[in-house]
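Below are the chains, spelled out letter by letter.
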Amino acid sequence: MTTRAGVARRLLAVGAAIAVALTATACTPDAAVTASPTKVAQSSSATAPPSSANSPTESPTGSPSESPTSTAVPTTSAQPLTPEPTVTDKPTPTAKPTPTTKPAPPPAIILEQGDTGPKVRAFQARLRQIGWFAGDVSDRYGTKTVAAVRGFQAKRGYPVTGQADERTYDKLIAMTRRPTADELANVKPKPPEAKPKPTAVSWDVDERCMTGRVMCISKSTRRLTWVVDGVPQYGFDVRFGSDELPTREGVFSVYLKKVDVISNLYHTPMPYSMFFSGGQAVHYSSNFARLGYSGASHGCVNVRNKPLLIQLYNEVRIGDKVVVHW
């Protein structure tokens, strides 16, 4: 028969076992909270209380070794990262459309066939100045003006239209001058007054001196005249040889020119010599410049105006004519 003391001991043993089981299940959730989220939750067997095999009595509510499954720590799954868009994911900028070049407008028409007025007349007068319009000018832009403009345009590589467009008109203005009142009124210009041609008598030159380039030397007037194509240019005084050594008369030509010459026969200087007959020449003479006609040459034509003689020496060519006459 069981005593009261035995029953009391059994009750104490059962209470102790229940207390141990409650203590074990109460610690499990706290331990799960402090665990690292990256670790896997401990299995239910690791958190189970110690076996109650040695307990004197079984718990009326079931074995304390069973642990609730709700104590497992849930595994925290990593959130997937959103990948950054690559360069190819960026939208490609579209190229701006290239604006199309508009063709240049044709040049404006200033004058054309059928136009009338003073502007047409002035336009024709300018064309006439450079030889593209012949005859009288008028106020009407007709076929004659069209033909003139077409020729003017073709010469310069412009489109040949016969119309005075802006480019054609401006080019004509740049090439010509403003027409005079006489040009606009078709007044013929007066020919220039012809200068009277010097005659052989007025300059005392021989008729043989009226053609070509000639040193025309007159013994009667004692003058040398430089004549070009029948027109006397200038002249100066000359001196001739003596009766014993006369200067030859006739038509000759210059065959030698020399600035510094000494006479082989008389050993006298003959500067700026232009030889025309044997040893006779036209040259400067200091003796003539000093003594004048009181002396005579040895047959040459002496000159005392040295500056004019130098000018003549520079103009005379080999082959030019020399006429010595009375």
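Residues numbered from 1 in each chain as written. Predicted model: local features only at pLDDT ≥ 70, side-chain atom pairs only at ≥ 80, totals over all residues. Heavy atoms only, no water.

(A) The arrangement of the sheet that holds strand E3 (residues 213-218) in detail. Within the open sheet, the 9 strands sit side by side as E6-E11-E3-E4-E5-E10-E9-E8-E7. Their pairing is mixed. Sheet topology places strand E6 (250-253) and strand E7 (256-258) at the edges, where each strand pairs with a single neighbour. The sheet shows a mean angle of 25 degrees between the axes of neighbouring strands, taken without regard to direction. Bridging between E7 and strand E8 (residues 273-277) involves 3 bridges; their strand directions are antiparallel. Looking at E8, one finds that Leu-256 is bridged to Phe-275. Where helix H8 (residues 306-315) meets the sheet, it contacts E3, strand E4 (223-228), strand E5 (231-239), E7, E8, strand E9 (280-284) and strand E10 (301-303), and its direction lies at approximately 130 degrees from that of E5. (Pairing = 2+ DSSP bridges. Helix = DSSP H or I, 4+ residues; strand = E, 2+ residues; numbered from the N terminus. Axes fitted to C-alpha atoms, helices over the stretch in contact; angles between N-to-C directions. Contact = heavy atoms within 4.5 Å.)

(B) Main features of helix H2 (residues 118-129). Over its 12 residues, H2 runs 17 Å from end to end, which matches the ideal 16 Å to within 8%, given 1.5 Å per residue. Each element contacted by the buried residues of H2 is listed here: strand E1 (109-111), helix H3 (143-155), strand E2 (164-165), helix H4 (166-175) and helix H5 (181-184). Downstream of H2 by a residue or two, Gly-131 has a phi angle that is positive, lying close to 85 degrees. (Expected span 1.5 Å × (residues − 1).)

(C) Representation of the pattern of salt bridges in the model. Scanning the model with the defined rule gives 8 salt bridges in all. For the salt bridge of Arg-121 with Asp-139, the shortest nitrogen-to-oxygen distance reads 2.7 Å. Separated by 18 residues along the polypeptide, Arg-121 in helix H2 and Asp-139 in the loop between H2 and H3 bring together distant segments of the chain. Take Arg-121: its relative accessible area is 22%, and that puts it in the partly exposed class. (Salt bridge = Lys/Arg side-chain N within 4 Å of Asp/Glu carboxyl O. Buried < 20%, exposed > 50% of the residue type's maximum accessible area, 1.4 Å probe, protein only.)

(D) Just the side chain of Ser-263, in detail. Following the sequence through the fold, Ser-263 ends up in the loop between E7 and E8. Overall, the relative accessible area of 11% leaves Ser-263 in the buried class. If near-sequence neighbours (up to four positions away) are discounted, Ser-263 is found in contact with Thr-268 and Met-270.

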